[in-house]
Amino acid sequence: MGVEAHATNERVTGRRWTVRLDPVGRGRADVRVSCSRPACAAQVLPSAAAGRTAAIAHLKAHLRAGPAPRPSVHCACRAEECHTHIRPAGPRERPVPWRCGGAVVLAVITDREGRWWQVLECCSRCAAAHPTAKVVATAQAAEAPPRGDGFRADAPARATPGGPAATTPAFSAVGPHFSHSAAATGTAVPGTAVPQQASGPRTSAPRSARPTRKRPPRGRIAQRLVPHDLRPVALRDELTELGELFRAYQARTEPDLAVLADLHARKAEAFHAWAEVTADTGLRLDAQRAEQAAATARLQHLHRIGQAPDGEGPAVARLLTAPAQWNHARAVLAHVAENAPLPGAEARLLVLMVTLRTAQSGVGNLVGQDIKGLPLRDPEQLVGQLVESGWLGIPGTVEELIASRPESPTRISVPSLTPDEDDPGPFTFGRKLRPKLSGWAQRVVGEKKLRKGKTEADVRLLALALATGADGEGRLGPAGEGIGLDGLSSWCSVDPAGLPDLVDRLTAADWLAEADVTDTLLTGRLTERVLPLGCPLT
């Protein structure tokens, strides 16, 4: 008899498997989709978006083909003592069995970044306690084992004196249920009779069976609870709905800046009204921050879709798209101007291009075409001078560097740009922005008309300076007031008297229009043709 009872009560742990999205390698765009189930082979996809789509499709295929949740299994979270959801009361107290309960469900848990998806066969209480869990299936109530007194839970209940026969409630397959029952709470389930007490003349319902008045659920937005008695009611409902919309937006797999801007605008308006009702200065400040966030998100959205901020016409599709990128480009030019190891325009141009190749880690790849494509009269001698000065390090000879091809690039290093524990380096941008800045400089220096006109290094340095010194409409200097000649001559490594000739060369190459050189300033504007290469002043 004991052996039979043991076999009846034996339960297995719920299933658990994970689908992951991981990068294939550093600096690569392709991703790997893997599944922890042994029969599933990993896939490599060309982008994160394609990988996320494949991962979700793989997960859905498992859910469609796999069996339904089993009502007799142990909760998968319970096997780990619910460390993720419920902590024990004391530091040495072990979790007790009632911490898990409810119908067994099949739940999908994911992180907000969309990097992994985990399927758990767990109890509904643990699924409800996890903020990102989504229940996809619920097990039917398990048949109760026979009791020692011969009474079976599934047998028809005997009629009680006060009502019809009681039936055993079953869990619905619609959503998760917790482990409490009608008998434990004193609340009657439809179709179930509540037996009367056998002793005493008292016939009133027990206290626990009386209906209790429940307050409506309180909304939450921006770490603030919306008071249930906030008036007007329309404001309370708007704040509650906004909180839900923000949480839904955070759960999206892809951003939508237009939607985010509208949410921030609604939040600003609602918080202004909330501040007027409660006279709370903190709410007023939150409303102002929401207005700024709405304006920023809307501007970023317009930049992405190529429209002008004022909505009057198409914006310039710039190679560098964000103000932070423009500021980083100016920072690189300023660093090269102050730290170039050799004088002259040709040396400065070469130092700039090498700096952009090695800016992030102090090392990078270089091929002979990168050097021979620059307007340098003697590139081998110039590279040799940089190596002799200690500014540039190469593994072989200068001739081998000049002869290297794209399939076998030369690994170069710049010690002054190599970060260490005490010095993180002169630049703060990330590794993904470095190739964008390098590509931008190559586009400016190798621009078609500058290249066909065989312009020298000083002309191309001036083109770089003007590309980073104009406003959004191409006017030179802040508010179109012009750029100082001293700064331009220092950057181009030429005498101020030689600047008018360089300006004429850029005007002939259709880079500048309406150019005017005075004793102290250069005024004018960039032509429409080269506006995409500009980094507007903000």
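Structure's up top.
The following refers to the structure shown. (Residues numbered from 1 in each chain as written. Predicted model: local features only at pLDDT ≥ 70, side-chain atom pairs only at ≥ 80, totals over all residues. Heavy atoms only, no water.)

Looking now at the packing of aromatic side chains. Within this structure, the stated rule accounts for two aromatic pairs. Ring centres of phenylalanine 271 and tryptophan 274 lie 5.5 Å apart, and the angle between their planes is 80°; this geometry places the pair in the edge-to-face category. Placement of both phenylalanine 271 and tryptophan 274 in helix H7 (residues 257-278) is noted, with a separation of three residues, approximately one turn of the helix. The two residues phenylalanine 271 and tryptophan 274 agree in class, both being buried. For the pair phenylalanine 427 and phenylalanine 429, a centre-to-centre distance of 5.5 Å together with 25° between the ring planes defines the contact as stacked. Note on phenylalanine 429: relative accessible area 4%, which makes it buried. A cation sits over an aromatic face here: arginine 37 above tryptophan 17, 4.6 Å from the ring centre. Sitting over the ring of phenylalanine 271, lysine 267 keeps its end group 5.5 Å from the ring centre. (Phe/Tyr/Trp six-rings, centres within 6.5 Å; stacked < 30°, edge-to-face > 60°. Helix = DSSP H or I, 4+ residues; strand = E, 2+ residues; numbered from the N terminus. Buried < 20%, exposed > 50% of the residue type's maximum accessible area, 1.4 Å probe, protein only. Lys NZ or Arg CZ within 6 Å of the ring centre and 35° of its normal.)

A few words now on the pairing of strand S10 (residues 410-413). Along S10, the buried face is formed by Thr410 and Ile412; none of Arg411 and Ser413, which line the opposite face, is buried. Taken together, the four bridges between strand S9 (residues 363-366) and S10 define a ladder with antiparallel strand orientation. If you follow asparagine 365 over to S10, its bridge partner there is arginine 411. (Pairing = 2+ DSSP bridges.)

A word on unusual backbone geometry. Both trends apply: most residues other than glycine have a negative phi, and most peptide bonds are in trans. Cis peptide bonds are those with omega within 30 degrees of zero, and the linkage from arginine 231 to proline 232 qualifies with 5°. Structurally, proline 232 is set in the loop between strand S8 (224-225) and helix H6 (233-250). Although it is not a glycine, alanine 222 sits at a positive phi angle of roughly 55°. Relative to the helices and strands, alanine 222 is located in the loop between strand S7 (220-221) and S8. Although it is not a glycine, alanine 279 sits at a positive phi angle of roughly 55°.

As a further point, take the sheet that holds strand S11 (residues 483-484). One open sheet holds the three strands; their spatial order is S11-S13-S12, and the pairing between them is antiparallel. This sheet does not close on itself; its edge strands, each paired only once, are S11 and strand S12 (512-517). Pairing of S11 with strand S13 (residues 521-526), which is carried by two bridges, proceeds in the antiparallel orientation. Pairing of glycine 484 across the sheet is with leucine 521, part of S13. Where helix H18 (residues 499-508) meets the sheet, it contacts S12 and S13, and its direction lies at approximately 165° from that of S12. (Contact = heavy atoms within 4.5 Å. Axes fitted to C-alpha atoms, helices over the stretch in contact; angles between N-to-C directions.)

The next subject is the environment of leucine 333. Topologically, leucine 333 is positioned in helix H9 (residues 323-339). As a C-alpha pair, leucine 333 and threonine 468 span 135 residues in sequence and 9.2 Å in three-dimensional space. Look past the residues within four positions of leucine 333 in its chain and what remains in contact with it is Leu352, Leu464, Thr468 and Trp491.

A few words on helix H17 (residues 485-492). Within H17, the full set of buried residues consists of Leu485, Leu488, Ser489, Trp491 and Cys492. Take H17 and look down its axis: the buried residues cluster within an arc of 165°, on one side only. Phi turns positive, to about 55°, at serine 493, one or two residues after H17. (Arc of directions from axis to C-beta.)

Below, the discussion takes up the nonpolar core. One finds Leu466 and Trp511 to be the most contacted residues of the largest nonpolar core, which totals 72 residues. Core analysis: the second largest hydrophobic core is formed by 19 residues, Ile221, Leu235, Tyr249 and Trp274 among them. (Core = buried A, V, L, I, M, F, W, Y, C linked by side-chain atoms within 4.5 Å.)

This paragraph deals with the side chain of glutamine 325. On the secondary structure map, glutamine 325 appears in helix H9. On the accessibility criterion, glutamine 325 (12% relative accessible area) is buried. Reaching out from glutamine 325, the side chain makes a polar contact with the backbone nitrogen of threonine 321 at a distance of 3.1 Å. With residues near it in sequence (within four places) discarded, glutamine 325 still touches Leu320, Leu433, Lys436 and Leu437. (Polar contact = N/O pair within 3.5 Å; in protein donor to acceptor, adjacent residues only side chain to side chain.)

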